[in-house]
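Close look at the chain arrangement
So the chains spell out like this:
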Amino acid sequence: MSAAEIEGFADRIRKHQGGMISAWVGIPDAMLVNHLAQEAFDAVVLDMQHGMWDMPSAANAVAQARLAGKPAIARIPVGDFASASRLLDAGASGIIAPMINSAEDARALVRTTKYPPLGERSWGPSLALNHTGLSADDYLKNANELTVAIAMVETRAALDAIDGILGVTGIDGIFVGPADLSIALSNGDQVAPNAAEIDSAMQHAVARCRAHGKFACAYAGDGERAGELLKFGFDLVIAGAETIQLRSGARHAINAARRIASGS
């Protein structure tokens, strides 16, 4: 994938081309990102909310993803909108912001991820210019379209405000966090991201996105669940975190070795 194709990620997801699957990485290792980006993922998400990334390691990971031909998206910590613009400056193709519970929260995200007239993003995209090969003028004119601002819907308040959030100009789409949503909807009683109530909420979220002409993303714990969410109409899904995939692969190899060695 060329630099131009990486920049085309935003256009593809806005056009609901469907079937997009992203890697999800919390371990702060840029080389791990490069390895995963060699697989048939459509993007790589760097989880800075619950992962261990800091800004230098995340910038390196963005570069490694791009080197492997894939766009990198960063999930920032809650309320850390200042880091959102820095990550875009480093060449990230999108920002996922957790706990966006109102239209005002969504507008705060837009202010730091979009240049005027949509937002108030400050100028300083030196690495982004290097990665894209665009001139400063061309980057300024096109950055709002080349990058995506994604609001997480993961609380009862966010579900109630979903039309207001999606109605904010500059919000390109949403990302549903089913684990936190299940905690919220059960009033803290359970973590049940695959429950029927969550399925209903997620299908509602997709419908509202379609009504507003925005895209929908979601986290899935594994490939099977990711496939179900794609059938719901989500444009991009996560097929499990890298820690799950790493341990699953190790478990598979160990079990295969012991099975063959035992002759069973």
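This write-up is about the structure you can find in this document. (Residues numbered from 1 in each chain as written. Predicted model: local features only at pLDDT ≥ 70, side-chain atom pairs only at ≥ 80, totals over all residues. Heavy atoms only, no water.)

1. Some remarks on the overall build of the chain
When helices and strands are tallied, the chain shows 14 helices and 8 strands. Here the C-alpha radius of gyration of the chain, 18 Å, is about what a compact globule of 264 residues would show, namely 18 Å. Among the 264 residues that make up the chain, the fraction classed as buried is 52%. Considering only contacts within the chain whose residues lie at least 6 apart along the sequence, 62% involve residues at least 24 apart. Positive and negative charge centroids in the chain, built from 22 and 29 side chains respectively, lie 3 Å apart. (Helix = DSSP H or I, 4+ residues; strand = E, 2+ residues; numbered from the N terminus. Rg over C-alpha atoms; globule rule 2.2 N^0.38 Å. Buried < 20%, exposed > 50% of the residue type's maximum accessible area, 1.4 Å probe, protein only. Contact = heavy atoms within 4.5 Å. Lys, Arg positive; Asp, Glu negative; His and termini not counted. Charge placed at Lys NZ, Arg CZ, Asp CG, Glu CD.)

2. As for the layout of surface pockets
If a probe as big as a water molecule is rolled over the atoms, it shows which places are left empty. In this model, the largest pocket occupies a volume close to 300 Å³. Looking at the largest pocket, it is lined by 18 residues, and the ones nearest its centre are Gly177, Pro178, Ala179, Asp180 and Tyr219. Ranked by the residues each element gives to the lining of the largest pocket, the list is headed by helix 11 (residues 178-185), at 3 residues. Of the residues in the lining of the largest pocket, the class split is 8 nonpolar, 4 polar and 6 charged. (1 Å grid on protein atoms, 1.4 Å probe; cavity = no way out; pocket = protein on both sides within 12 Å on 5 of 7 lines; lining within 4 Å. Points joined across faces, edges and corners; volume = space filled by probe spheres on them. Nonpolar A, V, L, I, M, F, W, Y, C, P; charged D, E, K, R; others polar.)

3. Remarks on the sheet that holds strand 8 (residues 236-239)
The parallel closed barrel is built from 8 strands, whose spatial order is 1-2-3-4-5-6-7-8. Averaged over all neighbouring strand pairs, the angle between strand axes comes to 25 degrees, with direction disregarded. As paired strands, strand 2 (residues 43-47) and strand 3 (residues 72-75) are joined by 4 bridges and run parallel to one another. Looking across to strand 3, one finds that aspartate 47 is bridged to arginine 75. (Pairing = 2+ DSSP bridges. Axes fitted to C-alpha atoms, helices over the stretch in contact; angles between N-to-C directions.)

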